[in-house]
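Notes for the structure review
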Amino acid sequence: MSGQLPDQVMLREAREGDAEGLAYVHITAWQTAYREILPASYLDALTPASRTERWQERLARQSEAEFTFVAEAAAGSTPRGGLGDTERRLVGFAAGGPERDGVIGYDHEIWGIYLLQEWRGRGIGRRLVAASAKWVMDRGGKSLLLWVLKDNWRARAFYEALDGQLLPGEKSITIGSTSLLEVAYGWPDAARLMDGAERGGRGSDGFEALP
């Protein structure tokens, strides 16, 4: 599959009014992607309302050094087609900005990519990555990386299909009461990542959901 988006999906920069939709995608993606990684009791207790305020604050204070791109579909549409009504809803997003851990050789970072389960495999994840890489280059950046849970093999396969380089080292993270490890994938050349993501990479579409 090429990097062409389905007809009913569009990408755009996030707006302050997107907080509720972003929170819904954020939590729902966690509850599907991390079902075999985190305790069910923790995941089932999460609600979009618990993240909406945080997204409102983030969007209100987002600086020019940070980005949030959303994938938006007609509210009545399905991944198999059909435009539905004229209202639209968020089905995925990517967020990032400056690299945060001082990893040598990388100036930017994708902090998280999220996609609703029913919209996987449609090229949306790749296009969100491509938009992120283009944003970096447009602002003079040259490289980017991201961190992913070590046990999130589906997401790792997606990044490897986009020629992400597994970087040395791991870092620990605690989600709820669960201690986990993260590994990093890097792209020293953001232009190659953008080109590869737009072409479709070497594998199928995927997504990542980070805290």
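You'll find the structure just up there.
What counts as what
Residues numbered from 1 in each chain as written. Predicted model: local features only at pLDDT ≥ 70, side-chain atom pairs only at ≥ 80, totals over all residues. Heavy atoms only, no water. Buried < 20%, exposed > 50% of the residue type's maximum accessible area, 1.4 Å probe, protein only. Helix = DSSP H or I, 4+ residues; strand = E, 2+ residues; numbered from the N terminus. Pairing = 2+ DSSP bridges. 1 Å grid on protein atoms, 1.4 Å probe; cavity = no way out; pocket = protein on both sides within 12 Å on 5 of 7 lines; lining within 4 Å. Points joined across faces, edges and corners; volume = space filled by probe spheres on them. Nonpolar A, V, L, I, M, F, W, Y, C, P; charged D, E, K, R; others polar. Phe/Tyr/Trp six-rings, centres within 6.5 Å; stacked < 30°, edge-to-face > 60°. Lys NZ or Arg CZ within 6 Å of the ring centre and 35° of its normal.

1. Description of the pairing of strand 2 (residues 67–74)
Burial runs high along strand 2: eight of the eight residues are buried. Note that strand 1 (residues 9–13) and strand 2 share five bridges and pair antiparallel. Its bridge partner lying in strand 2, glutamate 13 is registered against phenylalanine 69. Pairing of strand 2 with strand 3 (residues 88–98), which is carried by eight bridges, proceeds in the antiparallel orientation. Paired with threonine 68 across the bridge in strand 3 is alanine 95.

2. Some points on the layout of surface pockets
Regions of empty space are outlined by a rolling probe, equal in size to a water molecule, passed over the atoms. When its volume is computed, the second largest pocket comes out at roughly 260 Å³. If you trace the second largest pocket, you find 14 residues lining it, with Leu162, Asp163, Trp187, Arg192 and Leu193 closest to the centre. Secondary-structure elements contributing two or more residues to the lining of the second largest pocket are strand 7 (178–187) and helix 6 (190–199). It is helix 6 that contributes the most residues to the lining of the second largest pocket, five residues altogether. Across the lining of the second largest pocket, the residue classes tally to five nonpolar, four polar and five charged.

3. Points about the packing of aromatic side chains
Within the structure shown, the criterion is met by eight aromatic pairs. Here tryptophan 30 and tyrosine 34 contribute two aromatic rings whose centre-to-centre distance is 5.4 Å and whose plane-to-plane angle is 50°, an arrangement assigned as tilted. A relative accessible area of 1% places tryptophan 30 in the buried class. On the basis of an interplanar angle of 80° and a centroid distance of 6.2 Å, the ring pair of tyrosine 159 and tryptophan 187 is categorised as edge-to-face. Of this pair, tyrosine 159 sits in helix 5 (residues 153–161) while tryptophan 187 sits in strand 7; the two residues are 28 residues apart in sequence, bridging distant segments of the chain. With respect to burial, tyrosine 159 and tryptophan 187 carry one shared label: buried. An aromatic cluster of three or more residues is present, and its members are Phe158, Tyr159, Tyr185 and Trp187. The ring of tryptophan 30 carries arginine 51 above its face, with NZ or CZ at 5.2 Å from the centroid.

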